[in-house]
Amino acid sequence: MSFDFAALQNAVARHARVARVVVAEARGSVPREVGAAMLVWPGGQAGTIGGGALEYEAAARALSQTQGAALNRLPLGPALQQCCGGAVTLLTEVFDADRLAALRPEAGLMARPIDPGAVMPLAVKRKLQAARGQGRLTGPELVDGWMIEPLARPTRALWVWGAGHVGRAIVSVLAPLPDLAITWVDTAPDRFPTALPDGVEQVIAADPATLVPFAPKEAEHLILTYSHALDLALCHALLTHGFAKAGLIGSATKWARFRKRLAELGHSPEQIARIDCPIGDPALGKHPQAIAISVGAAILAGASAKLSAKESAG
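How each quantity is defined
- Residues numbered from 1 in each chain as written.
- Predicted model: local features only at pLDDT ≥ 70, side-chain atom pairs only at ≥ 80, totals over all residues.
- Heavy atoms only, no water.
- Pairing = 2+ DSSP bridges.
- Helix = DSSP H or I, 4+ residues; strand = E, 2+ residues; numbered from the N terminus.
- Axes fitted to C-alpha atoms, helices over the stretch in contact; angles between N-to-C directions.
- Contact = heavy atoms within 4.5 Å.
- Phe/Tyr/Trp six-rings, centres within 6.5 Å; stacked < 30°, edge-to-face > 60°.
- Lys NZ or Arg CZ within 6 Å of the ring centre and 35° of its normal.
- pLDDT = per-residue confidence, 0-100.

### Let's talk about the sheet that holds strand 2 (residues 37-41)
Part 1: Read across the sheet, five strands follow the order 3-2-1-5-4 without closing on themselves; strand pairing throughout is antiparallel. Each edge of the open sheet is held by one strand with a lone partner, namely strand 3 (44-47) and strand 4 (69-75). Within the sheet, the average angular offset between the axes of one strand and its neighbour, ignoring direction, is 20 degrees.
Part 2: Packed on one face of the sheet, helix 2 (residues 52-64) meets strand 1 (18-27), strand 2, strand 3, strand 4 and strand 5 (87-95) and runs near 50 degrees to strand 2.

### Let's talk about the packing of aromatic side chains
Part 1: Applying the stated criterion across every chain yields a total of three aromatic pairs.
Part 2: Judged by centre distance (6.4 Å) and plane angle (50 degrees), the ring pair of Phe3 and Phe5 falls under tilted.
Part 3: The ring of Phe3 carries Arg20 above its face, with NZ or CZ at 4.1 Å from the centroid.
Part 4: The ring of Phe95 carries Arg99 above its face, with NZ or CZ at 4.7 Å from the centroid.

### Notes on the confidence of the model for the protein chain
Part 1: Chain-level statistics for the protein chain give a pLDDT mean of 90 and a share of 94% at 70 or above.
Part 2: Element-level pLDDT for the protein chain is lowest in helix 3 (residues 76-80), with a mean of 68, against a maximum mean of 98 in helix 7 (residues 228-241).
Part 3: Contacts from residues 304-314, a stretch scored under 50 in pLDDT, to residues over four places away or in other chains number one contact.

Below is the structure:
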């Protein structure tokens, strides 16, 4: 989990004063892990710390807190009659434009005291030094009266080609995931919804395939345009340019025709096979939300597999 500075900035810009509640410590069985956070303002909230009763209590406390930072330690059974049996410490911080401007991220970490003006302890200094000198970021942690969290930064680039029904469903499902940087491409402004999800970059191009050279070669791609000709051009451009993963919406018949055309354009069977078609799980149906859910699950499964491989290697 990480400190989403951009989301906090956006919330403060919209609502003037916003409380951020983060799980600072957790012991035993609890709904969410250390670092899980939510933003709360009068009439709304974003994110979740899990647990219906816990979140309800935390939101009510956050709305009654007018400034500063406060720690609340809650044994979930005795305090909230939850069956988890564990205990959490919640840090609630109230942010307005001035307090937001005073935050000083350093070396990819957001470290700040619970009590204003507290001297930075040696343990926190060492963690910042390790981040600066070795690039070693600590996980979210409460240390000697200071909260430390790594800054949220997308680690995977996802390009979504097409803003039709399926594209909109997929972006709405995937946009809240903090690890994804989504670039959303289509041919005209009216192809997109009026309001874009936070963090999604909208790109308009009459010929989307001309944008492929600007995509990172480690990016992942979902091709969902309204035109088979555009889809084919994008497949051809991506196979020429390079990519981490690519998926194409369509039927088995469409993919058979595309394989033939791509082969005629000079791509080998092994190259062409790197594009997944159709995307999603056909057993779940063709409704845009059903496709979005199954595509999202596949993307998350891929991230989980990468993490497991990295942990095994390390």
